[in-house]
Amino acid sequence: MRAMVLRRPGERLAVEERPEPAPGPGQIRIRIEACGVCRTDLHVVDGELPDPKLPIVPGHEIVGRVEAVGEGADFKLGARVGVAWLGHTDGTCSYCRSGRENLCDHPLFTGYTRDGGYATHTIAEAAFVFPLPDDLDPVGAAPLLCAGLIGWRSLKMAGDGRTIGIYGFGAAAHIISQVCRWQGRRVFAFTRPGDAAGQAFARSMGAEWAGGSDEEPPDPLDAAILFAPVGGLVPSALAAVRKGGRVVCGGIHMSDIPAFPYRLLWEERSVASVANLTRADGREFLALAPEAEVRTTTTPYPLDKANEALDDLRKGRLEGAAVLVP
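Keep in mind that this is a model prediction, so the values were computed, not measured.

Undergrad: Lay out the overall build of the chain in plain terms, naming residues and giving numbers.
TA: Looking only at helices and strands, one finds nine helices and 17 strands in the chain. Against the compact-globule benchmark of 20 Å for 326 residues, the chain has a radius of gyration of 19 Å, which places it among compact chains. Expressed as a percentage of the 326 residues in the chain, the buried residues total 57%. Here the analysis covers contacts within the chain between residues at least 6 apart in sequence; of these, 69% occur between residues at least 24 apart. Within the structure as shown, the chain displays about 13,800 Å² of accessible surface, and the carbon and sulfur contribution to it stands at 50%. If you average the places of the 35 positive and of the 41 negative side-chain charges in the chain, the two averages end up 1 Å apart.

Laid out in structure tokens, this is it:
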């Protein structure tokens, strides 16, 4: 197999040839068809997330075919499957027992603490793999496995409000804005100030209004979702939501939130974070996406161009999502 490997944080990924891994009990080996490039991968590669397994193969938006099955794994050879960020939980801690496996005390994460999808093959625990339809487009489906799932969990946490503000219009935002419109909600999109192309893209994805993050929306927001990892946007979003509104931080990493006056939080506004996802989130969203006719905007890259894909994401040169194709 061939893999793009991070040996030390801050370095470029290196191409490695490795023996094809054998699945253990409860595991499957997947021949990868596509792997999305997520902003969390940037946080791993750039050293912003602590204690990754090193060396590590990044990537956690995986679509592929089952190629080998370990003892006790209930998948047919050739079945199409998806692999997401949450790769293992202990199943015994208080969080797992209460249905909150996304907060497990002893988790493993695909592409962070276990090897992921920037490769031709990967190993996954069968219990954490999602069956996928045989007729879908693997490149188009790959971003659903994290951008879609985290977007969906963030939207659920935002509540039932009709007017949703989305800060940072990348992979997750372009998916979840389509879901919002399907649900009959209004979407206001906030981009970097002056990013006319990003604002046009947001409008093409269903945003009723799009402007810079330094602008006020045309109407108060019922809730705001922050996909941009910029802590300074939290006070701005609080200022934009109406009384009783909620600001949801959808990323695994964010720069520090600056001090802000209490009046922005007063009147029962709140700030919440989204941590990881549950398998129930995955099943729910992957069933909903076809109903909502979600269509991803993607830019494919060959596997050996993973560094270029990460550079383009880091510098904001993408519309939608980058996807690696082995």
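Undergrad: A description of the packing of aromatic side chains should follow, citing residues and the corresponding values.
TA: Evaluation of the coordinates by the stated rule reveals eight aromatic pairs. Seen in terms of ring centroids, Trp 85 and Phe 109 are 4.9 Å apart; in terms of plane orientation they differ by 15°. Their pairing is stacked. Taken together, the residues span a long stretch of sequence, with Trp 85 in the loop between strand E5 (80–83) and strand E6 (86–88) and Phe 109 in strand E7 (residues 108–109) at a distance of 24 residues. With relative accessibility at 4%, the residue Trp 85 sits in the buried group. A relative accessible area of 11% places Phe 109 in the buried class. With centroids separated by 5.9 Å and ring planes inclined at 85°, the aromatic side chains of Phe 169 and Phe 201 adopt a geometry described as edge-to-face. Here Phe 169, found in the loop between strand E10 (163–167) and helix H5 (171–182), pairs with Phe 201, found in helix H6 (residues 196–204); they are 32 residues apart in sequence, far enough to count as distant. With respect to class, Phe 169 is no different from Phe 201; both count as buried.

Undergrad: I'd like a rundown of helix H8 (residues 279–291), residues and numbers included.
TA: With 13 residues, H8 extends 19 Å between its outermost C-alpha atoms, agreeing within 8% with the 18 Å of an ideal straight helix rising 1.5 Å per residue. Considered for burial, the residues of H8 that qualify are Asp 281, Gly 282, Phe 285, Leu 286, Leu 288 and Ala 289. Turning to H8, the residues buried within the fold contact strand E9 (129–131), helix H4 (147–158) and H5. Just past H8, the residue Glu 293 takes up positive phi, approximately 55°.

Undergrad: Residue-level account of the nonpolar core, with values.
TA: Counting residues in hydrophobic clusters, the biggest one holds 89 residues, and the most contacted among them are Ile 28, Tyr 118 and Phe 285. Core analysis: the next-biggest nonpolar cluster, separate from the first, contains 17 residues, Phe 188, Leu 226, Ala 240 and Val 247 among them.

Scoring rules and cut-offs
Residues numbered from 1 in each chain as written. Predicted model: local features only at pLDDT ≥ 70, side-chain atom pairs only at ≥ 80, totals over all residues. Heavy atoms only, no water. Helix = DSSP H or I, 4+ residues; strand = E, 2+ residues; numbered from the N terminus. Rg over C-alpha atoms; globule rule 2.2 N^0.38 Å. Buried < 20%, exposed > 50% of the residue type's maximum accessible area, 1.4 Å probe, protein only. Contact = heavy atoms within 4.5 Å. Areas by Shrake-Rupley, 256 points an atom, 1.4 Å probe, with all protein chains shown as cover. Lys, Arg positive; Asp, Glu negative; His and termini not counted. Charge placed at Lys NZ, Arg CZ, Asp CG, Glu CD. Phe/Tyr/Trp six-rings, centres within 6.5 Å; stacked < 30°, edge-to-face > 60°. Expected span 1.5 Å × (residues − 1). Core = buried A, V, L, I, M, F, W, Y, C linked by side-chain atoms within 4.5 Å.

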